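Remarks on the overall topology
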Amino acid sequence: MTLEEYCKTLDETRLINLAVDLCETAIPIWETYCAENKTEYIDTVVGMHHTVRKELLADTLQIIKTLLAPHDAEAESNKISTLLEEFVDPIISLQDMDWDLPEEVKLTFYSVYNLASGRFDKITLFDEATLYVAVNQAIDAIQTAGLLSLDEIKRKVYG
């Protein structure tokens, strides 16, 4: 069974929990990068300077985790929407290659973004489940950075 097939067998709550767990495992990749580098880039289209908040990923994960407990769904959705707006320019800059990040850092950034956007957009433009993409990107980041072995990743995913 492929990872994608496995993710399709999970209910939404279990899939979100898996994605959160993997994103939390990957987040040190982002934090280490941020401690050693500036999170800035220049948009080449208009020449504008941008800075990405170093806490963006951790804040996003925290909000997602609160959604898993009983909560005020509308207030939490508003918070996620606000955080997703912070991702828009950096995501475009990554796609336009205006912001160059090491692969594992970029994958970590994308995985948290896809975890958050999966609350609203269930399917990507490429017809993949957004939460599956978040899981896959987090695994790729973890493996690329050497945080866990393949066997450790499998145990984390499949139990």
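Our subject is the structure that appears above.
Presented here is a report on the structure given in the accompanying data block. Being a predicted model, the structure only gives us computed values, none of them experimental. (Residues numbered from 1 in each chain as written. Predicted model: local features only at pLDDT ≥ 70, side-chain atom pairs only at ≥ 80, totals over all residues. Heavy atoms only, no water.)

Things to note about helix 3 (residues 56-67)
Here helix 3 is 12 residues long and its end C-alpha atoms lie 17 Å apart, about the 16 Å a rise of 1.5 Å per residue gives. Among the residues making up helix 3, those that are buried are Leu-56, Leu-57, Thr-60, Leu-61, Ile-63, Ile-64 and Leu-67. The buried side chains of helix 3 occupy one side of the element, clustering within an arc of 160° when seen end-on. (Helix = DSSP H or I, 4+ residues; strand = E, 2+ residues; numbered from the N terminus. Expected span 1.5 Å × (residues − 1). Buried < 20%, exposed > 50% of the residue type's maximum accessible area, 1.4 Å probe, protein only. Arc of directions from axis to C-beta.)

Some details on the environment of Thr-25
Within the secondary structure, Thr-25 sits in helix 2 (residues 12-36). In this structure the C-alpha to C-alpha distance between Thr-25 and Asn-114, which are 89 residues apart in sequence, comes to 16 Å. A polar side-chain atom of Thr-25 sits 3.3 Å from a polar atom in the side chain of Lys-156. (Polar contact = N/O pair within 3.5 Å; in protein donor to acceptor, adjacent residues only side chain to side chain.)

Here's the deal with the nonpolar core
Core analysis: the largest hydrophobic core is formed by 51 residues, its most contacted members being Phe-109, Leu-115 and Val-135. Taken together, the elements giving at least two residues each to this core come down to helix 1 (3-9), helix 2, helix 3, helix 4 (73-95), helix 5 (103-117), helix 6 (130-145) and helix 7 (150-158). When residues in this core are grouped by element, the largest group, 13 residues, is from helix 2. With near-sequence residues (within four places) excluded, Leu-115 lies in contact with Ile-16, Ala-19, Val-20, Cys-23, Leu-61, Ile-64, Leu-131 and Ala-134. (Core = buried A, V, L, I, M, F, W, Y, C linked by side-chain atoms within 4.5 Å. Contact = heavy atoms within 4.5 Å.)

Read these as spatial facts, not as claims about activity.
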